[in-house]
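# Architecture and fold: a report
Spelled out from the first residue to the last, the chains are:
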There are 2 protein chains.
Amino acid sequence: MTMDLTFLGTGSAYPSPHRGASALVLRTEGECWLFDCGEGTQTQLMKSQLRASRITKVFISHLHGDHLFGLPGLLCTVSLHSNPVPTQAPPCVDIYGPKGLRKFLRVTLGLTGSQLLFPYAVHELETSPDQSPPEGQLADELSTERGPPHPQERPGRDIAPEASSGCFLLFQDQRFAVKAFRLFHRVPSFGFSVQEQDRAGRLNTELLKEMGLKPGSLYGRLKAGEPVTLENGRVVLPSEVLEEPIPGRKICVLGDCSSVIGEGAATACGGADVLVHEATLGDEHREKAVEHGHSTPKMAAAVALACGARRLVLYHFSQRYKPGALRKEGDEDDVAELKRQAEDALQGSSVEVTLAEDFLTLPIPLKRQSVSA
Amino acid sequence: MTMDLTFLGTGSAYPSPHRGASALVLRTEGECWLFDCGEGTQTQLMKSQLRASRITKVFISHLHGDHLFGLPGLLCTVSLHSNPVPTQAPPCVDIYGPKGLRKFLRVTLGLTGSQLLFPYAVHELETSPDQSPPEGQLADELSTERGPPHPQERPGRDIAPEASSGCFLLFQDQRFAVKAFRLFHRVPSFGFSVQEQDRAGRLNTELLKEMGLKPGSLYGRLKAGEPVTLENGRVVLPSEVLEEPIPGRKICVLGDCSSVIGEGAATACGGADVLVHEATLGDEHREKAVEHGHSTPKMAAAVALACGARRLVLYHFSQRYKPGALRKEGDEDDVAELKRQAEDALQGSSVEVTLAEDFLTLPIPLKRQSVSA
């Protein structure tokens, strides 16, 4: 199963002609999961190889405009480009994000008379006062919409953190477990962890053939974990003929933050294959970064180390950092310097650093190692 | 006084990489007035020669997303790029549009914690049931926000049409009178008419010199319409020394529509120098256009003729019409055909037709003719 991550916008604060506002897509088996949706995301999608109609889930890290203002328009355009099958109810688009998101969509879609050809549900994450300065908290009267739901809105869940882990379980199925965890920012912010489930190892077909078992449905049953009885009465256990399970991949995407809150991030991001972390400003601007609830490369590197991540991807750069290709001689700010700062901080570790740019696609290869390795 | 019109987005339905969503700017003496603000307008602005910080007034024709979703982000970016003078209160940005717009901004700016460095006021136009099919009307409970105003929100007016003309007087000062008028669309839509006030004609300086009056402050008083008494006791009347007044220019911008409602448009747009009218689809798709509340070139031409406009500018093209430069051989839809259709419909008249493209700037020259001509 191929998986990749495409950055649609890597700029902070606002979209510019050289850096889109925050948005990235995790693609897996043709499904697209969108993380954040700054203004212009739908246009960035059109410029990319991805298809808007494949978006089935959306995760909004926090309610700042540069992560959110593109969402109503994106949903409208997904709808315009969808091809509903008349005999089949279109699947519901699930949208996860902080409390207040449901009202945001209800009001923006409602006032603009935007009809969608598919249902959507907003699942709101409970925020806590330690996630932001007091002025970043939304009063209940602001974040709760008392008006009727949008015609295509389906009831969403209100999700509280699990007391044991501090994580928010968003959903879990045969393929994935997806969790959120709390971050500190000027407004309550969240990170997301996508844990692919471990998959059955390869069948040892040579051994099966020796046992007299020919390729067919019994192979499938063994791979699915069922024992199989041969004609001679012998019971073959899956563990006899399956190689070590293939461990699932883990991709973590953190929203804007100057630090994590509680144990959630460490629990959810432990051993991440890819950890996407903001680095709005260089280490020399650390004070300013923290004042605005943001991180520098060194701060991002510390999170990657604490989580035992394999790869740290930096994004969400101040618009002062032009993409490498557009940088002119004499320009003061060099985005490559952000990478060097993270690498310096990670010296001696095996964490690799990647600098995201708009339209970068990062393949996330299957792991070859066994779970027990 | 120079005046020009810059198209930032000429596409309908959604922004695409080749056509932005609806937005255009009327620039006059360095001030920018924005008409509609689809998603991505702020990025289009950055790509243009205009400066976001010069925007002092915004006019929203109707509440569809492709005309509105860019507004919260644009205001935030205008704020980020503003340079407030510490000793001076920043001027209020006046925003005009249909009922519901105040709530839209209050909720989008409020939920996203967007602080602006300037105050803004939303002046809402009363809508009427004949402006759209019943399903396009916004229920009062949807369009009225009961929550507290945004910290930078100032009280706005609720504007009703004048019974005599059917026009909504938005404001009037020494330079301009700006009115709105009703259109029919899937949701209530408006057009706007900007009437520059007539200006005093040139001073006949030869005559003044013959009278013994030297250039100086008395010239200014005469030009401002005041009589002046010479040293010899003679009273010079402005009418004696001023040439014919220079008539003001009139620029009209219509929002999405399949027709005008009432007499407002004819009153407000009579003799327009420039009439900007949508032409979403070609005449061969008239039925579909009207079904969606839109116009074809022939329909736009009829409005231009009825108003006695001098120039008809077509915009708001279906995204199926690529800009001329991007059109490939074999492409079925040719935007140039829309211009031909309007020209055919205007044969025998003196109305000129212009096809808008993103980033087209149309100068609006001073009129040379006198008012009485």
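What counts as what
Residues numbered from 1 in each chain as written. Chains lettered and ligands numbered in written order. Predicted model: local features only at pLDDT ≥ 70, side-chain atom pairs only at ≥ 80, totals over all residues. Heavy atoms only, no water. Helix = DSSP H or I, 4+ residues; strand = E, 2+ residues; numbered from the N terminus. Buried < 20%, exposed > 50% of the residue type's maximum accessible area, 1.4 Å probe, protein only. Pairing = 2+ DSSP bridges. Contact = heavy atoms within 4.5 Å. Buried area = accessible area lost by both parts, 1.4 Å probe. Salt bridge = Lys/Arg side-chain N within 4 Å of Asp/Glu carboxyl O. Polar contact = N/O pair within 3.5 Å; in protein donor to acceptor, adjacent residues only side chain to side chain. Nonpolar A, V, L, I, M, F, W, Y, C, P; charged D, E, K, R; others polar. 1 Å grid on protein atoms, 1.4 Å probe; cavity = no way out; pocket = protein on both sides within 12 Å on 5 of 7 lines; lining within 4 Å. Points joined across faces, edges and corners; volume = space filled by probe spheres on them. Least-squares fit on C-alpha atoms with pLDDT ≥ 70 in both.

Its place among the elements puts H277 of chain A in strand β16 (residues 274–278). You can call H277 of chain A buried: its relative accessible area is 1%.

As a further point, take the pairing of strand β14 (residues 250–254) of chain B. Both faces of the sheet carry side chains from a regular strand, because those side chains alternate between them. Residues and elements named next belong to chain B. Counted residue by residue, β14 has 5 buried out of 5 residues, so it is predominantly covered. By the alternation rule, side chains of β14 split into K250, C252 and L254 and I251 and V253, which are all buried. Pairing of strand β11 (residues 189–196) with β14, which is carried by 5 bridges, proceeds in the antiparallel orientation. In the strand pairing of β14, S193 is matched with C252. In the sheet, β14 pairs with strand β16 (residues 274–278) via 3 bridges, with the strands oriented parallel. Looking at the pairing, I251 lines up with V274 of β16.

Turning next to the interface of chain B and chain A. Of the residues lining the interface, 41 residues belong to chain B; the matching set on chain A comes to 41 residues. Summed over both partners, the interface of chain B with chain A comes to about 3,000 Å²; 70% of that surface belongs to carbon and sulfur atoms. Contact with chain A buries surface across chain B, with E39, F69 and L111 of chain B losing the most and accounting together for 23% of the total. Along the contact surface separating chain B from chain A lie 0 salt bridges. Summed over the shared surface of chain B and chain A, the number is 4 residue pairs in polar contact (both at pLDDT 80 or more). Mapped by element, the contributors of at least two residues to the side of chain B that touches chain A are α1 (41–47), α2 (71–80), α3 (101–111) and α4 (140–143) of chain B. Here the side of chain B that touches chain A is built from residues that sort into 18 nonpolar, 18 polar and 5 charged.

So, about the environment of A21 of chain B. The topology assignment puts A21 of chain B in the loop between β1 (3–9) and β2 (23–28). Not counting residues within four places of it along the chain, the set of residues in contact with A21 of chain B comprises G9, G11, Y14, P15, G38, E39 and D66 of chain B.

Turning our attention to empty space enclosed by the protein. Scanning the model with the defined rule gives 2 cavities of 30 Å³ or more in all. As a volume, the largest cavity reaches approximately 60 Å³. Secondary structure elements with two or more residues in the lining of the largest cavity: β2, β11 and β14 of chain B. Lining the second largest cavity we find F69, P72, F104 and T108 of chain A together with F69, P72, F104 and T108 of chain B.

Before going further, it helps to examine the relation of the copies chain B and chain A. For the match of chain B to chain A, the screw axis carries a shift of 0.0 Å, the RMSD comes to 0.0 Å, and the turn is 180°. The transformation just described matches what one would write down for a two-fold rotation axis. Among all residues of chain B, the minimum C-alpha distance to the rotation axis is found for G40 of chain B, at 2.7 Å. The share of interface residues of chain B whose copies in chain A are also at the interface is 100%, consistent with both copies meeting through the same surface.

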